[in-house]
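# Summary of the model geometry
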Amino acid sequence: MEFGHFPQEILIEIFSRLPLKSVGKCRCLAELWREQLSTPHFIKSHLTHQNHHSHQVNLILNTPYHTIYSRSSIEGHTVWKKLPGLDLCEWTDIVGSCDGLVLMVLEEFEKFLVNPITRQLVKVPKSPLALKRKESFSMHGFGYDSASDDYKVVTLSYYDSTDNHYADRVETFVDVFSVKRGVWRRVDISPYDHLCKGTLSSGAFVNGALHWLARSRKLGSPSVIAAFNLANEVFDEIPAPSDVDVQNFVFNELVVLGGCLCMIVDGPYGPMDVWTMEEYGLKQSWTKFRIQVDYEWDIFKPLCFIGDDEEVVLVTHRETLVVYNRTNRTVREMATNIGAIDGCSFVESLVCPAALIGPKSENRCLVKVKVKTEKIPLML
Amino acid sequence: MVASPTRKRDFDEEFVTETKMSVLFEVVLAANYLDIKGLLDLVCQEIADRMENKSVKWVRKTFFIENDFTPEEEEIKHEHAWAWEGVESDEDD
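The name given to chain B in an unreviewed UniProt entry is SKP1-like protein 20, and the organism recorded there is Sesamum latifolium. What the UniProt record of chain B gives under Pathway (unreviewed entry) is the line "Protein modification; protein ubiquitination."

Per an unreviewed UniProt entry, chain A carries the name F-box protein and comes from Sesamum latifolium.

Right, here's the structure in full:
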């Protein structure tokens, strides 16, 4: 039997095991392969396989020069690449990533979904519900809802209240953008007080929900970990570690490391504690490790684990990238010629942002990015 | 007498690496038809390993794939220029 006539399930089994770039080349073999290796079914199968077997870690950074760099495989060879196609500025926010797509919000609140490996990007339509920029604040989150097989962008926004007396009564609107349908909807008012935090944070996506730290409106206004479930689009609460201050843990930060929800407790002159929820939803499963570095390093936030979780990549307040070794408790610098203000890790995937955005979206803007080709070997 | 896991692994390793591609094709089809998951995984992985980082020319030759692209082909190669970035030059065996 000709290879091209193999049962589809076998072809998917084989090609799902290939690294991304090999798949990209195979799409150039013949028309049949361009088709077969671009179906949503294959893309999903490839992603699932990569998630289970690949140990590669990739990073996307907002650097002090406001260019985005993407690196594949932090261990071993370094390949930092400037990502063309976006005019970045100081206020660019890298919200988060899911399945190889990264959501970025630019100064004018323009949102883009990017696949940093394939360089495809697409603009997320402006929300007709968005509050006026100068009068409000917004926080965002990005994740995947398996129930509806849809990627969603969630925006929490509230009017800028200069009247502190009523600050805790200000409502936070919850808007959800369904990538598949291409529409924004206001789903609710948040039951929590998000203003208390004072800083804007991106939602941490874990286990089908986006997480933010907030205050409950119950008596005593305790801090909560608010989890916005992408399937039923309602908030729930996740238990925090027993050893953190219930009144004040709202001022900490949430990140995702190694696929787990983590709470960063940053002592002002002391070490940084990273609480990891090893088993989602289970209070007893919170475990802590300490990042013990000299104050001079001025660490800001962890981005990802590397080297079998032995090392942690961190961004510092000095706009540099460092790596902390948990075993030796040593620190070394990374990407010294680039620097970093912020960033997030992402997996390699073939997911094409433009193909996902639904038909109803207005202001669709597909930006086809042509990579500067100095030398591409044409293997004919 | 049942072979130890190590011996089984060694046998598998030797079997796949020393088998011709055409025979691997036969085995993978048979394993799929007979629903032998372990064998299917083993052979699919070997085929994938052999394809990895090979040139488009090599893959076409080995898998008997005819290039049926029209002048559009330049377009698809540009769209997938990222696949050639930062990768060591391919072997062309």
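When its secondary structure is counted, chain A shows five helices and 25 strands. Counting all 380 residues of chain A, 53% fall into the buried class. At a minimum sequence separation of 6, the contacts of chain A that also span at least 24 residues come to 51%. Element-wise, carbon and sulfur atoms account for 49% of the exposed surface of chain A, whose accessible area totals about 17,700 Å².

Here we come to the interface of chain B and chain A. On the chain A side, the residues contacting the 39 residues of chain B number 40 residues. Roughly 4,000 Å² is buried in total at the junction of chain B and chain A, and carbon and sulfur atoms are behind 67% of that figure. Of all residues in chain B, the largest losses of buried area upon contact with chain A belong to Trp82, Trp84 and Glu85 of chain B, amounting jointly to 19% of the total for that side. Linking Asp41 of chain B and Arg17 of chain A is a salt bridge whose minimum nitrogen-to-oxygen distance equals 3.0 Å. Those elements that provide at least two residues to the side of chain B that touches chain A are α2 (21-33), α3 (37-51), α4 (56-62) and α5 (73-79) of chain B. Here the side of chain B that touches chain A is built from residues that sort into 18 nonpolar, seven polar and 14 charged.

Right, let's talk about the sheet that holds strand β13 (residues 209-215) of chain A for a bit. Residue and element names in this part refer to chain A. Taken in spatial order, the four strands line up as β12-β13-β14-β15 in an open sheet, and their pairing is antiparallel. Two strands in the sheet have a free side with no partner beyond their single neighbour: β12 (204-206) and β15 (235-238). Direction aside, the axes of adjacent strands within the sheet are offset by 40 degrees on average. In the sheet, β13 pairs with strand β14 (residues 223-229) via seven bridges, with the strands oriented antiparallel. Within the sheet, the bridge partner assigned to Leu213 lies in β14 and is Ile225.

On to the packing of aromatic side chains, then. Each pair of aromatic rings is reported with the distance of its centres and the angle of its planes. What the rule picks out here adds up to 13 aromatic pairs over all chains. For the ring pair Tyr159 of chain A and Phe173 of chain A, a centre distance of 6.2 Å and an interplane angle of 85 degrees mean the geometry is edge-to-face. Here Phe173 of chain A lies in strand β10 (residues 173-178) and Tyr159 of chain A lies in strand β9 (residues 150-159), a separation of 14 residues in the sequence. Judged by its relative accessible area of 39%, Tyr159 of chain A is partly exposed. The buried category is assigned to Phe173 of chain A, whose relative accessible area is 12%. With 5.5 Å between their ring centres and 40 degrees between their planes, Phe25 of chain B and Phe63 of chain B make a pair best called tilted.

Bringing the state of the cysteines into the picture now. All names here are of chain A. In this structure the tally under the stated criterion is zero disulfides over all chains. Here Cys28 stays unpaired: no disulfide links it, and the sulfur of Cys26, its closest cysteine neighbor, is 8.8 Å away. We classify Cys28 as buried; its relative accessible area is 0%. Left unpaired, Cys344 is separated from the closest cysteine sulfur, that of Cys304, by 9.5 Å. We classify Cys344 as buried; its relative accessible area is 11%.

Moving on to helix α4 (residues 40-53) of chain A. Over its 14 residues, α4 of chain A runs 20 Å from end to end, which matches the ideal 20 Å to within 8%, given 1.5 Å per residue. Burial in α4 of chain A covers these residues: Phe42, Ile43, His46, Leu47, His49 and Gln50 of chain A. For α4 of chain A, the angular spread of the buried residues around the axis is 165 degrees, confining them to a single face. Along α4 of chain A, exposed side chains directed more than 90 degrees from the buried face belong to Pro40, His41 and His52 of chain A. Those residues of α4 of chain A hidden inside the fold are in contact with α1 (8-15), α2 (20-26) and α3 (31-36) of chain A together with α3 of chain B.

In the structure shown here, the tally under the stated rule is 16 salt bridges over all chains. Where Lys152 of chain A meets Asp145 of chain A, a salt bridge forms, and the shortest distance between an N and an O atom there is 3.3 Å. We note that Lys152 of chain A, like Asp145 of chain A, is buried. Through salt bridges with shared partners, one network takes in Glu13 and Arg17 of chain A together with Lys37 and Asp41 of chain B.

All right, on to unusual backbone geometry then. All names here are of chain A. Despite not being glycine, Asn207 shows a phi value in the positive range, around 55 degrees. Among the structural elements, Asn207 can be located in the loop between β12 and β13. One non-glycine residue, Glu319, adopts positive backbone phi at about 65 degrees. With respect to the helices and strands, the residue Glu319 is situated in the loop between β21 (311-316) and β22 (321-325).

We now examine the sheet that holds strand β16 (residues 253-257) of chain A. Residue and element names in this part refer to chain A. Across the sheet, which stays open at both edges, the four strands sit in the order β16-β17-β18-β19 with antiparallel pairing between neighbours. Of all strands in the sheet, those with a lone pairing partner are β16 and β19 (286-291), marking the two edges. Each strand of the sheet is rotated relative to its neighbour by a mean of 30 degrees, with strand direction disregarded. In the sheet, β16 pairs with strand β17 (residues 260-266) via five bridges, with the strands oriented antiparallel. Looking across to β17, one finds that Leu254 is bridged to Met263.

Here the focus is empty space enclosed by the protein. Gaps left between atoms are located by rolling a probe of water-molecule size over the structure's atoms. All names here are of chain A. Taken as a whole, this structure holds four cavities of 30 Å³ or more when the rule is applied. Roughly 60 Å³ of internal volume is contained in the second largest cavity. For the second largest cavity, the full set of lining residues is Gln8, Leu11, Ile12, Phe15, Trp33, Gln36, Leu37, Thr39 and Phe42. The dominant element in the lining of the second largest cavity, judged by the number of residues it contributes, is α1, at four residues. When its residues are assigned to classes, the lining of the second largest cavity shows six nonpolar, three polar and no charged.

Conventions we followed
Residues numbered from 1 in each chain as written. Chains lettered and ligands numbered in written order. Predicted model: local features only at pLDDT ≥ 70, side-chain atom pairs only at ≥ 80, totals over all residues. Heavy atoms only, no water. UniProt positions renumbered as here; feature names shortened; annotations may be inferred. Helix = DSSP H or I, 4+ residues; strand = E, 2+ residues; numbered from the N terminus. Buried < 20%, exposed > 50% of the residue type's maximum accessible area, 1.4 Å probe, protein only. Contact = heavy atoms within 4.5 Å. Areas by Shrake-Rupley, 256 points an atom, 1.4 Å probe, with all protein chains shown as cover. Buried area = accessible area lost by both parts, 1.4 Å probe. Salt bridge = Lys/Arg side-chain N within 4 Å of Asp/Glu carboxyl O. Nonpolar A, V, L, I, M, F, W, Y, C, P; charged D, E, K, R; others polar. Pairing = 2+ DSSP bridges. Axes fitted to C-alpha atoms, helices over the stretch in contact; angles between N-to-C directions. Phe/Tyr/Trp six-rings, centres within 6.5 Å; stacked < 30°, edge-to-face > 60°. Disulfide = S-S within 2.5 Å. Expected span 1.5 Å × (residues − 1). Arc of directions from axis to C-beta. 1 Å grid on protein atoms, 1.4 Å probe; cavity = no way out; pocket = protein on both sides within 12 Å on 5 of 7 lines; lining within 4 Å. Points joined across faces, edges and corners; volume = space filled by probe spheres on them.

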